[in-house]
Amino acid sequence: MFLFISLQQFLYIWIALAIVLFPLQLFVSAPYGRHTKTTWGPMLSNQLGWIIMEAWALVTFVIVYLLFFNTNQYALFFGALYIIHYINRSFIFPLRTKTKGKQMPLLIASFALIFNSINAACLAFFLSEVSNYPVGYIFKWNFLLGFFLFFAGAFINIKSDSILINLRKPGETDYKIPQGFLFRYISCPNHFGEIVEWFGFMLMVWNLAGVAFLVWTASNLLPRALHHHKWYQQHFPNYPKERKAVLPFSL
Ligand SMILES: NC(=O)c1ccc[n+]([C@@H]2O[C@H](COP(=O)([O-])OP(=O)(O)OC[C@H]3O[C@@H](n4cnc5c(N)ncnc54)[C@H](OP(=O)(O)O)[C@@H]3O)[C@@H](O)[C@H]2O)c1
């Protein structure tokens with residue numbers, strides 16, 4: 001017997017899954033970047049892994065949006081923001097990283113590809129088929145606040161990623177203590193910025209797919225930032241004591 005559920009019900013289950021996986025991720029650090037492990041099966045190049053797992057989300061989003069095409073100007077605007085973010089994440093970010101010779105498990109890239117694609121498909125479907133933003137939506141509080149948070153978060157994320165990437169000279173692959181900007185307060189402003197960005201996006205799009213995207217992002221990035229923070233403290237005896245992991249002055 002088949003069990004038919006609506007997209008809305010699926011999204012509730014999907015959000016619940018992210019919440020269930022959250023405590024697990026506090027104990028097991030996702031094995032890529034500084035936490036990479038060779039015990040997770042076949043490996044592939046770090047840069048290629050990033051491109052594959054993120055570009056697939058971009059392709060999925062565009063295909064689903066075009067299938068249910070919506071000419072509502074707000075839906076188009078939100079779609080454009082998503083596409084711009086993912087062009088950076090799929091191509092510009094990985095090609096800027098200095099990770100020559102580094103690898104990640106194929107399994108991690110595959111998991112990320114699946115979760116990215118499900119989130120992308122749900123968002124695209126909600127924007128193209130379900131949402132119908134009215135004239136004057138631009139003046140709603142959630143649009144205005146979300147717009148501000150989205151761009152502030154994107155700025156923090158991109159600037160922090162750039163500072164991290166520029167810590168290495170060409171050919172280097174080791175780690176240094178990042179300084180300046182929000183690194184004064186937290187170890188992972190790139191993760192903080194990304195969470196703020198998708199919180200803003202959720203406010204703007206105001207639908208369940210936006211909530212799912214934010215919950216999955218936060219449940220991935222909060223544990224990752226905590227693992228990074230602990231890693232810094234273990235590897236650098238002179239690591240700034242007052243610096244928090246991901247939320248300034250608190251966590
Ligand atoms: N939406 C989501 O669910 C999601 C999930 C994951 C990541 N992301 C985003 O993707 C981006 C990358 O994530 P990430 O977790 O891989 O970031 P990360 O660990 O901070 O690494 C970012 C880049 O900087 C390098 N780097 C980091 N710290 C360094 C240091 N102290 N010294 C020298 N180089 C350093 C890394 O090299 P190595 O690779 O060699 O460590 C990598 O190339 C971030 O913007 C993040 O927000 C989003």
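The structure presented is a predicted model; accordingly, all values stated were derived computationally and were not measured.

**Observations regarding the overall build of the protein chain**
Helix and strand counts for the protein chain come out as seven helices and two strands. The secondary structure elements of the protein chain, listed N-terminal to C-terminal, are α-β-α-α-β-α-α-α-α. Against the globule reference of 18 Å for 251 residues, the protein chain gives a C-alpha radius of gyration of 19 Å, in line with a compact fold. Counting only C-alpha atoms, the protein chain reaches 55 × 45 × 35 Å along its principal axes. Looking at the 251 residues of the protein chain, the share that counts as buried comes to 50%. Considering only intrachain contacts with a sequence separation of at least 6, the fraction spanning at least 24 residues in the protein chain is 83%. When the accessible surface of the protein chain is split by element, carbon and sulfur atoms take 72% of a total near 12900 Å². In the protein chain, 18 positive and 8 negative side-chain charges are present, and the distance between their average locations comes to 8 Å.

**Remarks on the site of the ligand**
In the vicinity of the ligand there are 27 residues, among which Lys 102, Asp 161, Tyr 175, Arg 224 and His 228 approach most closely. One nitrogen or oxygen atom from the side chain of Asn 190 is found 3.0 Å from an oxygen atom belonging to the ligand. Here a nitrogen atom of the ligand sits 2.9 Å away from a polar atom, N or O, in the side chain of Tyr 232. Protein burial of the ligand: of its 880 Å² of free accessible surface, 96% is covered by the chains. Mapped by element, the contributors of at least two residues to the shell around the ligand are α3 (73–96), α5 (141–165), α6 (189–205) and α7 (208–235).

**Side note on the domain arrangement of the protein chain**
Its domain assignment divides the protein chain into domain 1 (43–133) and domain 2 (134–251). The straight-line distance from the C-alpha centre of domain 1 to that of domain 2 is 18 Å. Opposite the 25 residues of domain 1 that make contact, domain 2 presents 35 residues. In this assembly, domain 1 packs against domain 2 so that about 2500 Å² is buried in total across both faces, 65% of it on carbon and sulfur atoms. One can count two salt bridges joining domain 1 with domain 2. Of the charged contacts, one joins Arg 89 and Asp 161 as a salt bridge, the two residues approaching to 3.7 Å between their closest N and O atoms. Taken together, the links from domain 1 to domain 2 amount to 12 residue pairs in polar contact (both at pLDDT 80 or more). Those elements giving two or more residues to the side of domain 1 that touches domain 2 turn out to be α3 and α4 (106–130). Take the side of domain 1 that touches domain 2: its biggest share by element is 11 residues, from α3. The class makeup of the residues in the side of domain 1 that touches domain 2 is 13 nonpolar, seven polar and five charged.

**Some thoughts on the side chain of Arg 34**
Within the secondary structure, Arg 34 is located in the loop between α1 (7–27) and β1 (43–45). Sequence-distant contacts of Arg 34, defined by excluding residues within four places in its chain, comprise Tyr 175, His 228, Trp 231 and Tyr 232.

**Quick notes on the pattern of salt bridges**
Pairs may arise between side chains of opposite charge once their charged atoms sit close together. Scanning the model with the defined rule gives three salt bridges in all. The shortest N-O distance in the salt bridge between Arg 89 and Glu 194 comes to 2.7 Å. Of this pair, Arg 89 sits in helix α3 while Glu 194 sits in helix α6, and the two are 105 residues apart along the sequence. In this structure, Lys 176 and Glu 172 form a salt bridge, with 2.6 Å as the shortest nitrogen-oxygen distance.

Rules behind the numbers
Residues numbered from 1 in each chain as written. Predicted model: local features only at pLDDT ≥ 70, side-chain atom pairs only at ≥ 80, totals over all residues. Heavy atoms only, no water. Helix = DSSP H or I, 4+ residues; strand = E, 2+ residues; numbered from the N terminus. Rg over C-alpha atoms; globule rule 2.2 N^0.38 Å. Buried < 20%, exposed > 50% of the residue type's maximum accessible area, 1.4 Å probe, protein only. Contact = heavy atoms within 4.5 Å. Areas by Shrake-Rupley, 256 points an atom, 1.4 Å probe, with all protein chains shown as cover. Lys, Arg positive; Asp, Glu negative; His and termini not counted. Charge placed at Lys NZ, Arg CZ, Asp CG, Glu CD. Near = heavy atom within 4 Å. Polar contact = N/O pair within 3.5 Å; in protein donor to acceptor, adjacent residues only side chain to side chain. Domains from an automatic or database assignment. Buried area = accessible area lost by both parts, 1.4 Å probe. Salt bridge = Lys/Arg side-chain N within 4 Å of Asp/Glu carboxyl O. Nonpolar A, V, L, I, M, F, W, Y, C, P; charged D, E, K, R; others polar.

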